Number of protein chains: 2
Amino acid sequence: MTNPILAPELLELINTGDTAKLQEAVEAVHPAEMADFVAALDDGDVWRFLSAIPQQQSAGIFSHFDLDRQVQLASGANRQAMARMLEELPHDERADLVQRLDPQVAEQILPLVARAEREDIRKLTSYAEGTAGALMSSDYATLRPDITVAQSLEQVRVQAPTRETVYYIYVVDGEHRLIGFVSLKDLILAKPSQLVRDVMHQEVISAKTDDDQEAVAHQIEKYDLLALPVINGDQRLVGIVTVDDVMDVQEAEATTDFHKIGGTSLIGVNLKDAGLALLYRARLPWLLVLVFMNVFSGAGIAYFEDTIVAVASLVFFLPLLIDSGGNAGSQAATLMVRALAVGDVRLRDWFSLLRKEFVTSLLLGVTMGLGVMLVAGFRAPQIIVPVGLTMVCTVLFGSLVGMSLPFLLTRFKLDPATASAPLITSIADIGGVLIYFSIASWWLSDTIKAAGN
Amino acid sequence: MTNPILAPELLELINTGDTAKLQEAVEAVHPAEMADFVAALDDGDVWRFLSAIPQQQSAGIFSHFDLDRQVQLASGANRQAMARMLEELPHDERADLVQRLDPQVAEQILPLVARAEREDIRKLTSYAEGTAGALMSSDYATLRPDITVAQSLEQVRVQAPTRETVYYIYVVDGEHRLIGFVSLKDLILAKPSQLVRDVMHQEVISAKTDDDQEAVAHQIEKYDLLALPVINGDQRLVGIVTVDDVMDVQEAEATTDFHKIGGTSLIGVNLKDAGLALLYRARLPWLLVLVFMNVFSGAGIAYFEDTIVAVASLVFFLPLLIDSGGNAGSQAATLMVRALAVGDVRLRDWFSLLRKEFVTSLLLGVTMGLGVMLVAGFRAPQIIVPVGLTMVCTVLFGSLVGMSLPFLLTRFKLDPATASAPLITSIADIGGVLIYFSIASWWLSDTIKAAGN
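Residues numbered from 1 in each chain as written. Chains lettered and ligands numbered in written order. Predicted model: local features only at pLDDT ≥ 70, side-chain atom pairs only at ≥ 80, totals over all residues. Heavy atoms only, no water.

Another point: the overall build of chain A. Assigned secondary structure in chain A consists of 23 helices and six strands. In terms of C-alpha radius of gyration, chain A reaches 31 Å, well past the compact-globule figure of 22 Å for 453 residues. Looking at the 453 residues of chain A, the share that counts as buried comes to 55%. Of all intrachain contacts in chain A linking residues separated by at least 6 positions in sequence, the fraction that spans at least 24 positions is 70%. For chain A, the exposed area adds up to about 19000 Å²; of that, 56% sits on carbon and sulfur atoms. (Helix = DSSP H or I, 4+ residues; strand = E, 2+ residues; numbered from the N terminus. Rg over C-alpha atoms; globule rule 2.2 N^0.38 Å. Buried < 20%, exposed > 50% of the residue type's maximum accessible area, 1.4 Å probe, protein only. Contact = heavy atoms within 4.5 Å. Areas by Shrake-Rupley, 256 points an atom, 1.4 Å probe, with all protein chains shown as cover.)

Structural data, given as structure tokens:
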């Protein structure tokens, strides 16, 4: 891909109003590429550029701006131009845009949009976020069952320019109920005289408007689809979700899980653009919760103050021992959260995985216990046994908590990714402190008594 | 989607050899669905089922088995049947399968495969893992530029049954160099008498065989493509990567990053199927590294033994203070690793993000410092100042390390996700211990001296 146009040259074409050259430039460059250049211009220049080229192409470029830029442009002075743009944009994208607009701005623009399109926007924006309804687009191609393949190809030609895809075409009855599906490939391969009803697939994989968007993504991935039809409660076709939308959903869902497991709640924002206040609010809650949870580990230590004063060397190994539990627990939680998210593991697998986790973490604990005993042997030989034993127990404790918590959250219909690394670390801290000093007090009881006297 | 067939009934059809009913069943159910049922049968039954139905359909079902099951089936006794299967499978999938086979098994099967197909497998398996070459398929559709649209539709009909997709068709010259691209939609919309060369797009977005698979995924996502052509050093078309393959890549890459940031190295295995030894090996390395890194925090504490003995209440807040640094650091690292992975942030953004991180974490540290001073006020008022000050400093230290480490790793061409939660936790431990006891020794120097006398 070459980029024959650089932003300054483009700006000059806009300023001189050279429409012919602008159109030439637009045809030579992919809309996504062009959008990257144009987005960097001033709002006024962007609108002058967009109105200088054919409407369909300007919509193609506009739809490649990121949503924040789209909102900026829509909120500017060009109400009329924005209304025309809404009429041309893919139906799912314009619904997302209108949803993000300031209500006052939307109220000014929507009356300028053609009635049918306005109705469509209203419908698409009415579905709850995260559902198939909110994700779908209403610009799909349809056919009736009782026409021939030759006629259907004619109809596809007519529909093609305004539809999100014509590679999958849905067959509907007089009530707009979904009764079948043909691919453009099926139509090309069929005899022109055959009826659509005889060519179509009757078993159509579909989603309901209130299905979760992750379920929709899983279906498209499992069945290798380019699009999935969405029906309402009456079996009527109301939209389609296309594979490119689903890729965005999957990336966004992975990002959300990623952020959650790291103990933050930053969602749907480019980190570079995120403001201070947003970052502060996204990070503070878990950190504060964990400060107050750690009050318990502090109280645990206070309870064992005599032990610590008698054998101060116990404190040398405190960070290592409690963090090893936290680290092993974070590992287990991370593996489990991701396996639940991609569907490798289900709720019913808990018990068999628990047994496996028990053996794995016991082996890990013993290995690490031997490692730390080696270190303790040099520095503080009298506590070598409690340190080694504690390592085994804390790794086991942290791991079992870390692997079970995501299941427990799923069981209560909560997000398993809430089992974040910071949360597991704090739980492991409390457990680790109690385990360590209990074992040490018991093993060193003679020394402690001697010190007390 | 209804499932009219259950595994036991299917088994009976196989055992009675009722080919007609089997074919009927296969036509009523999606191949992905059917694969779920069939995969659970014994190897022998699977092969009997697959040979009872038309070859193309049996390949469609086989290709929905997961790779491990495919390897099992290929490694069984049916060399001849497996060779026929390889001839029918999508070219990218069969290359992946052959790559995973035991070399001895592959040596026995490949000679039974038709010569042209064998050559194709050899070529596709020769590219390095993780590149466009290893991901691509060679069953793409092509056209010559100097035929009419009507003729091209004829050719598409001929090619359709054996190609991964005919929605994107690539135009090549006599040397098989990529010179253009048309979509099936373009062909349908064009006049039948037009020449392909006049209809085709000349600016084709393409990848090179050695491009990274993540870059390929980004291109397909950015340009909303159904497929991306892959060319070799001579501009010759050698394959295509389709959107469904890219979805799998993106999911796998996200999983790998997810596991890495949790401090494990489990790659490409379903957690449910992962054996004990594999899990142990995937988790032990980081845990052990961190055990030995924590020796330093232990040494730090030993250095301050006098301080601890003099003011034992300092230990109450040790887990909280060092873990707060680790938690804030894990948050920062997680945000940064994901932003680098999805391309929201680049290397050159480091300095501006560092400044933002400094202010954000300072605010977080102050808030948490006030929180912990509230707690310390009740339990140990004489150490309220060092505890609060330490909280601010450790949160700042952990955050700056956590956000910078992924950049540093990227700078040295290492994987940013290596900045795992356990690694950040350990670094924060060492820093936290030194900060805490340094501040405390200075603030409480009179008390410590008094205790020493």
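What follows covers the domain arrangement of chain A. Each assigned domain of chain A is listed with its residue range as follows: domain 1 (7–126), domain 2 (142–242) and domain 3 (276–452). Distance from the C-alpha centre of domain 2 of chain A to the C-alpha centre of domain 3 of chain A: 53 Å. (Domains from an automatic or database assignment.)

With that settled, consider the side chain of S138 of chain B. Residue and element names in this part refer to chain B. With respect to the secondary-structure elements, S138 resides in the loop between α11 (132–135) and β1 (142–143). By relative accessible area, S138 is classed as buried at 17%. Engagement of the side chain of S138 in a polar contact is seen with the side chain of H91, the distance being 2.7 Å. Residues contacting S138, with those up to four places away along its chain left out, are H91, D120, L124, V238 and G239. (Polar contact = N/O pair within 3.5 Å; in protein donor to acceptor, adjacent residues only side chain to side chain.)

With that out of the way, let us pick up the environment of A25 of chain A. Looking at the secondary structure, you find A25 of chain A in helix α2 (residues 19–28). Residues A25 of chain A and S441 of chain A lie 416 residues apart in sequence; the distance between their C-alpha atoms is 79 Å.

On to the interface of chain B and chain A, then. Often, the extent of an interface is quoted as the loss of accessible area upon association of its parts. Facing 114 residues of chain B, the contacting portion of chain A comprises 114 residues. Summed over both partners, the interface of chain B with chain A comes to about 10600 Å²; 67% of that surface belongs to carbon and sulfur atoms. Considering only the side of chain B, the residues that lose the most area to chain A are M247, F258 and R283 of chain B, jointly responsible for 8% of the buried surface there. At the boundary of chain B with chain A, the tally comes to four salt bridges. Here chain B is connected to chain A by 33 residue pairs in polar contact (both at pLDDT 80 or more). Partitioned by chemical class, the residues of the side of chain B that touches chain A number 64 nonpolar, 25 polar and 25 charged. (Buried area = accessible area lost by both parts, 1.4 Å probe. Salt bridge = Lys/Arg side-chain N within 4 Å of Asp/Glu carboxyl O. Nonpolar A, V, L, I, M, F, W, Y, C, P; charged D, E, K, R; others polar.)

Let's shift gears to the relation of the copies chain B and chain A. After a rotation of 180° and a shift along the axis of 0.0 Å, chain B superposes on chain A with an RMSD of 0.2 Å. What the superposition gives is, in effect, a two-fold axis relating one chain to the other. Scanning chain B for the C-alpha nearest the rotation axis identifies V309 of chain B, at a separation of 2.8 Å. (Least-squares fit on C-alpha atoms with pLDDT ≥ 70 in both.)

Here we take up the sheet that holds strand β2 (residues 168–172) of chain B. All names here are of chain B. Ordered by their spatial adjacency, three strands build an open sheet running β1-β2-β3, and the pairing between neighbours is mixed. On the outer flanks of this sheet lie β1 and β3 (178–183), each paired with one strand and no other. In this structure, β1 lies alongside β2, joined through two bridges in parallel fashion. Paired with T142 across the bridge in β2 is Y170. (Pairing = 2+ DSSP bridges.)

Further remarks concern the pattern of salt bridges. What the rule picks out here adds up to 28 salt bridges over all chains. When the shortest N-O distance is used, the salt bridge between E357 of chain A and R283 of chain B registers 2.9 Å. With one member in each of two chains, E357 of chain A in helix α20 (residues 350–379) and R283 of chain B in helix α17 (residues 276–303) form a pair that bridges those chains. Of the residues examined, R283 of chain B reaches a relative accessible area of 1% and is grouped as buried. The salt bridge partner of R100 of chain B is D68 of chain B, with a shortest N-O separation of 2.6 Å. With a gap of 32 residues between them, R100 of chain B in helix α8 (residues 91–100) and D68 of chain B in helix α6 (residues 67–75) connect regions that are remote in the sequence.

Residues L184 and L187 of chain A together with L184 and L187 of chain B are the most contacted members of the largest nonpolar core, which totals 104 residues. Contact partners of L184 of chain A, with chain neighbours within four places excluded, come to L153, V156, V166 and Y167 of chain A together with Y167, L184 and I188 of chain B. By size, the runner-up hydrophobic cluster in this structure holds 64 residues, among which are L287, A328 and L444 of chain A together with V375 of chain B. (Core = buried A, V, L, I, M, F, W, Y, C linked by side-chain atoms within 4.5 Å.)

Residues and elements named next belong to chain A. For helix α21 (residues 384–411), which comprises 28 residues, the first-to-last C-alpha distance of 41 Å matches the rise-based estimate of 40 Å (1.5 Å per residue) to within 8%. Largest kink in α21: about 30°, centred on S404, with the proline P406 one to four residues after it. Positive phi shows up at K413, right after α21, with a value of about 60°. (Expected span 1.5 Å × (residues − 1). Bend = angle between axes of the 7 residues up to and from the residue.)

So, about the environment of L67 of chain A. Residues and elements named next belong to chain A. With respect to the element layout, L67 can be found in helix α6 (residues 67–75). Taking the relative accessible area as the measure of exposure, L67 reaches 29% and is therefore partly exposed. Along the chain, L67 and L50 lie 17 residues apart, while their C-alpha atoms are 17 Å from each other. If we skip the residues at most four places from it in the chain, L67 touches D96, L97 and R100.

What follows deals with the packing of aromatic side chains. Each aromatic ring pair is specified by the distance between its two centres and by the angle formed by the two planes. For the structure shown, the criterion picks out 20 aromatic pairs over all chains. Ring-pair connections join several aromatic residues into one group, and the members of that group are Y303, F304, Y436 and F437 of chain A. Residue placement shows R338 of chain A over the ring face of F258 of chain B; its charged tip is 5.8 Å from the ring centre. (Phe/Tyr/Trp six-rings, centres within 6.5 Å; stacked < 30°, edge-to-face > 60°. Lys NZ or Arg CZ within 6 Å of the ring centre and 35° of its normal.)

Looking now at the side chain of S399 of chain B. Inspection of the secondary structure puts S399 of chain B in helix α21 (residues 384–411). By relative accessible area, which is 0% here, S399 of chain B ends up buried. Contact partners of S399 of chain B, with chain neighbours within four places excluded, come to R283 of chain A together with A328, G329, A332, E357 and S361 of chain B.

All names here are of chain B. Where helix α15 (residues 213–222) meets helix α16 (residues 243–261), the closest approach of the two axes is 10 Å, and the angle between their N-to-C directions is 125°. When the axes of α15 and α16 are compared, the pair comes out oblique. In this structure, the crossing between α15 and α16 has a hand that is left-handed. For the pair α15 and α16, contact is made by Q213, E214, V216, A217, I220 and E221 and by V243, V246, V249, Q250 and E253, respectively. Grouping the constituent residues of the contact of α15 with α16 by class yields six nonpolar, two polar and three charged. (Axes fitted to C-alpha atoms, helices over the stretch in contact; angles between N-to-C directions. Parallel < 35°, antiparallel > 145°, perpendicular 65-115°, else oblique. Left-handed = near helix turned anticlockwise from the far one by under 90°.)

Time to look at the sheet that holds strand β3 (residues 178–183) of chain A. Residue and element names in this part refer to chain A. As summarised here, the arrangement of the three strands in space is β1-β2-β3, forming an open sheet in which the pairing is mixed. Edge positions in the sheet fall to β1 (142–143) and β3, since each of these pairs with one other strand and no more. Direction of pairing for strand β2 (residues 168–172) relative to β3: antiparallel, over a ladder of five bridges. By the bridge assignment, Y168 is partnered in β3 with S183.

Turning to the environment of P422 of chain B, a few remarks are in order. Here P422 of chain B lies in helix α22 (residues 421–443). For P422 of chain B, a relative accessible area of 1% translates into the label buried. Considering only alpha carbons, one finds P422 of chain B and Q202 of chain B, 220 residues apart in sequence, at a separation of 50 Å. When sequence neighbours within four positions are dropped, the list of residues in contact with P422 of chain B reads N327 of chain A together with I261, G262, G263 and L290 of chain B.

Turning our attention to the packing of helix α17 (residues 276–303) of chain A against helix α19 (residues 318–342) of chain B. Direction vectors running N to C along α17 of chain A and α19 of chain B enclose 155°, while the axes themselves pass 9 Å from each other. As judged from the angle between their axes, α17 of chain A and α19 of chain B are roughly antiparallel. For α17 of chain A against α19 of chain B, the interelement crossing comes out right-handed. Counting all contacts with α17 of chain A, which are made through L279, R283, W286, L287, L290, V291, N294, S297 and I301 of chain A, the residues of α19 of chain B involved are P319, L320, S324, N327, A328, Q331, A332 and L335 of chain B. The class makeup of the residues in the contact of α17 of chain A with α19 of chain B is 11 nonpolar, five polar and one charged.

On the surface, L276 of chain A together with F358, V359, L362, L363, V366 and L370 of chain B cluster together to form a nonpolar patch covering roughly 550 Å² of accessible area. Along the polypeptide, L370 of chain B turns up in helix α20 (residues 350–379). (Patch = residues over 30% accessible without salt bridge, like charges linked within 9 Å, V, L, I, M, F, W, Y side chains within 5 Å.)

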